[in-house]
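What follows is each chain in one-letter form.
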Amino acid sequence: MNKQAIKDHKDLEVYKMAFDTAMRIFELSKSFPIEERYSLTDQIRRSSRSVCANFAEAWRKRRYQAAFIAKLNDCEAESAETQTWIEFAVKCNYLNVESGRELYGAYNRILGGLVNMINNPSPWLIKH
């Protein structure tokens, strides 16, 4: 099997999954009620996008293990926050249960990838 070298954070499956899921949330949240525009809609979009933004920052901090892990921890926290907003969206009937489960499950997979990187950062660090 021929593996391609990872040149950018965008090459990583966890990033691709986080980006795609954030875009799915964006599309689905377009149908949320107008009164939620500055609350739940804004929050779920912000936290889902923040996973990706923090991951990009983490990738650029790979020279320093502690900084890298700290930014990955931010990604983990934003992923968990997004799961909470997904739960609210389902309970408020803005998302159907099936869509909510799909999104929640995607964040479980994203969290798994992040935790693996946090627990084993050395393959990702830039060697001095």
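What counts and what doesn't
Residues numbered from 1 in each chain as written. Predicted model: local features only at pLDDT ≥ 70, side-chain atom pairs only at ≥ 80, totals over all residues. Heavy atoms only, no water. Salt bridge = Lys/Arg side-chain N within 4 Å of Asp/Glu carboxyl O. Buried < 20%, exposed > 50% of the residue type's maximum accessible area, 1.4 Å probe, protein only. Helix = DSSP H or I, 4+ residues; strand = E, 2+ residues; numbered from the N terminus.

The name recorded for the protein chain in an unreviewed UniProt entry is Four helix bundle protein, from Nostoc flagelliforme FACHB-838.

A separate point is the pattern of salt bridges. Counted by the stated rule, this structure contains seven salt bridges. Two residues, Glu27 and Lys30, come together in a salt bridge whose shortest N-O distance is 3.3 Å. Glu27 gets classed as partly exposed once you look at its relative accessible area, which sits at 42%. Among the residues examined, Lys30 registers a relative accessible area of 49% and is labelled partly exposed. One salt bridge in this structure joins Asp74 and Lys71, with 3.2 Å as the shortest N-O distance. Of the two residues, Asp74 and Lys71 both sit in helix α3 (residues 65-91), three residues apart, roughly one turn of that helix. The class for Asp74 is partly exposed, based on a relative accessible area of 33%. Among the residues examined, Lys71 registers a relative accessible area of 12% and is labelled buried. Connected through shared salt-bridge partners, Arg46, Glu78 and Glu81 make up one network.

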